[in-house]
2 protein chains.
Amino acid sequence: MKESLPPFPAPQDPDPFDGLLNLAPAATGGPRLRADAARNRTRLLEVAARLAAEGGAANLTMEAVATAAEVGKGTVFRRFGDRLGLMLALLDHQERELQAAFLSGPPPLGPDAPPVERLRAFGAAVIRHEYAHRDLYLAARADASRRHAHPATQLRLGHLCMLLRRAGAQGDIELLAQALLGYLDINLVDHLVERRGMSLDRLELGWGDLVTRLVVTA
Amino acid sequence: MKESLPPFPAPQDPDPFDGLLNLAPAATGGPRLRADAARNRTRLLEVAARLAAEGGAANLTMEAVATAAEVGKGTVFRRFGDRLGLMLALLDHQERELQAAFLSGPPPLGPDAPPVERLRAFGAAVIRHEYAHRDLYLAARADASRRHAHPATQLRLGHLCMLLRRAGAQGDIELLAQALLGYLDINLVDHLVERRGMSLDRLELGWGDLVTRLVVTA
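Residues numbered from 1 in each chain as written. Chains lettered and ligands numbered in written order. Predicted model: local features only at pLDDT ≥ 70, side-chain atom pairs only at ≥ 80, totals over all residues. Heavy atoms only, no water.

Looking at an unreviewed UniProt entry, one finds chain A named TetR/AcrR family transcriptional regulator and attributed to Streptomyces akebiae.

Considerations on the interface of chain A and chain B
This is how it is decided: Contacts: residue pairs with any heavy atoms within 4.5 Å of one another. Summed over both partners, the accessible surface that disappears when two parts come together, traced with a 1.4 Å probe, is what is meant by buried area. In what follows, salt bridge is the name for a side-chain nitrogen of Lys or Arg lying within 4 Å of a carboxyl oxygen of Asp or Glu. Pairs of N or O atoms within 3.5 Å make up the polar contacts considered here, provided that, within protein, one atom can donate a hydrogen while the other can accept it, and that residues adjacent in sequence are counted only when both atoms are side-chain atoms. Numbering goes from the N terminus for both helices and strands, where a helix is a DSSP run of H or I of at least four residues and a strand is a run of E of at least two. Residue classes follow a fixed rule: Ala, Val, Leu, Ile, Met, Phe, Trp, Tyr, Cys and Pro count as nonpolar, while Asp, Glu, Lys and Arg count as charged, and any other residue, Gly among them, counts as polar.
Every contact between the two is made by 39 residues of chain A and, on the other side, 39 residues of chain B. On the chain A side of the contact with chain B, Leu175, Arg202 and Arg213 of chain A bury the most area, a combined 21% of that side's loss. Summed over the shared surface of chain A and chain B, the number is four salt bridges. Of the charged contacts, one joins Arg196 of chain A and Glu174 of chain B as a salt bridge, the two residues approaching to 2.8 Å between their closest N and O atoms. Put simply, chain A and chain B have ten residue pairs in polar contact (both at pLDDT 80 or more) between them. Looking at the side of chain A that touches chain B, the elements with two or more residues in it are helix 8 (144-147), helix 10 (173-183), helix 11 (186-195) and helix 12 (200-215) of chain A. A per-element tally of the side of chain A that touches chain B places helix 12 of chain A first, with nine residues. Among the residues making up the side of chain A that touches chain B, the classes are represented as 20 nonpolar, nine polar and ten charged.

Looking at the nonpolar core
Soluble globular proteins tend to bury their nonpolar side chains together. Where we set the bar: To define a nonpolar core, start from buried Ala, Val, Leu, Ile, Met, Phe, Trp, Tyr and Cys residues and group those joined through side-chain atoms within 4.5 Å. Relative accessibility under 20% of the residue-type maximum defines a buried residue, over 50% an exposed one, and the middle range a partly exposed one, all with a 1.4 Å probe and only protein chains included.
With 126 residues, the main nonpolar core has Leu203 of chain A together with Leu203 of chain B as its most contacted residues. Ignoring any residue separated from it by four or fewer positions in sequence, one finds Leu203 of chain A in contact with Ile127, Tyr183, Val189, Leu192, Val193 and Met198 of chain A together with Leu175 of chain B.

Section: the relation of the copies chain A and chain B
The operation relating the two chain copies consists of a rotation about an axis and a shift along that axis. Note the cut-off: Superposition of the copies was done by least squares, using only C-alpha atoms of residues whose pLDDT is at least 70 in both.
Of the transformation superimposing chain A on chain B, the axial component is 0.0 Å and the angular component is 180 degrees, with the fit at an RMSD of 0.0 Å. The relationship between the two copies is best expressed as a two-fold rotation axis. Mapped onto chain B, 100% of the interface residues of chain A are again interface residues, and the two copies thus contact each other with one and the same surface.

Describing unusual backbone geometry
Residues and elements named next belong to chain A. Following Pro107, the chain continues to Pro108 via a peptide bond in cis, the omega torsion being 5 degrees. Of note, Pro108 is situated in the loop between helix 5 (83-104) and helix 6 (115-132). Of note in this structure, Glu70 is not a glycine but carries a positive phi near 55 degrees. With respect to the element layout, Glu70 can be found in the loop between helix 3 (62-69) and helix 4 (73-80).

Notes on the packing of helix 2 (residues 35-55) of chain A against helix 5 of chain A
All names here are of chain A. Test applied: Orientation is described by lines fitted to C-alpha atoms, with helices fitted over the stretch in contact, and by angles between N-to-C directions that extend from 0 to 180 degrees. Just so you know how the angles are binned, under 35 degrees is roughly parallel, over 145 roughly antiparallel, 65 to 115 roughly perpendicular, and the rest oblique.
Axis separation between helix 2 and helix 5 bottoms out at 10 Å; the angle between their running directions is 90 degrees. Compared by their axis directions, helix 2 and helix 5 come out roughly perpendicular. Contacts between helix 2 and helix 5 involve Arg41, Leu45, Glu46, Ala48, Ala49 and Ala52 on the former and, on the latter, Leu86, Ala89, Leu90, His93 and Gln94. Taken together, the residues that form the contact of helix 2 with helix 5 break down as seven nonpolar, two polar and two charged.

Here we look at helix 9 (residues 151-166) of chain B
Residue and element names in this part refer to chain B. What counts, and what does not: The length a helix should cover is 1.5 Å for every residue beyond the first.
Under the 1.5 Å per step criterion, the end-to-end length of helix 9 is 23 Å for 16 residues, consistent within 8% with the ideal 22 Å. Of all 16 residues making up helix 9, twelve are buried, and the element is well covered by its neighbours. Turning to helix 9, its buried residues number three or more, namely Ala152, Thr153, Leu155, Arg156, Leu157, Gly158, His159, Leu160, Cys161, Met162, Leu163 and Leu164. Where helix 9 is buried, its residues contact helix 5 (83-104), helix 6 (115-132), helix 7 (134-140), helix 8 (144-147), helix 10 (173-183) and helix 12 (200-215). One or two steps after helix 9, the chain reaches Gly168, where phi turns positive at roughly 80 degrees.

Printed below as a string of structure tokens:
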């Protein structure tokens, strides 16, 4: 297959994704938070993330966050509006952690590893990250029609395209990246683990095998 | 990778899917329709399918079906309950046509072709079929959490597993089949065509390439 197809995104050096996407309207759209308020917000999110990890995001309440953070309930409401606002902020917080890891973190996920190793590490990291926070990701991905246009999806797609190119993959790079991305769908992962009884290790092995098949030149 | 993983579904000869799944409760759950009533229902569905193909399923009305079929509006309501009932029956009708084609139709889609050719034909057929009826399929697949457990998805998955095995693919067959299936997601196809401006020909070429990579033994 020829490489005359429009590349997505345009391949560039250095890494075109060396920077984080801003996903949360709450973090960017409002008036600029004073530094201590921003620190306060981050601290509340870290508390919320810990509670969600322990008891599941579905069981997270504004009150529990306030109690664990030792602040008044009104502070949590002022910061996030309502429970949905807290959930969106928490999802954004988790997604940024993952993005920081694959864009600028240590190898094998980050820039200081060969592209094929980064590809392998990427799938394993996404599978484990989304499964660990599956309440949040399943809720965020419930509407199938919006998934592919989502900024977080676009960033991952661009990252996969870049790594596939650097790894020397031949063919229609964007479609190969989409095939890889489809394998990481949290709805699929959840189905395979919860309904088909597969282990995350098995899914990770399958990812590594898929990367090998898509990268290796015949 | 070892083949000690539980196969899905159990490999059998003859083709374990030589038969259609009954998907529509309306067609199986109710009292058995008399033969002429069943013919009448099929005729209404064929009229509805033609109207949906011409003007889009989103614009289909019970009244338009009645007029085009030259029956009273009450007959259409009696047969399908309401507009949602008509849509579900129409989706089931379209899905059965596709199933009949890949389970027992002529080659290269049906049984009288080598497995790799059937794999290639399968993806092309699904992409074109779902895109042609995308109003219906997008509506039916809007809830991402239900997609993987859907009987129609399970049938396709089993079909892909069977063809991959017969084609001599090595590795974790069920996960390879899931990777293939993910590429055929109507939400992805719709995104790539409508938002990214790709042609169905390009998606079909990408499918053929993916099949080659997953089947060919290193």
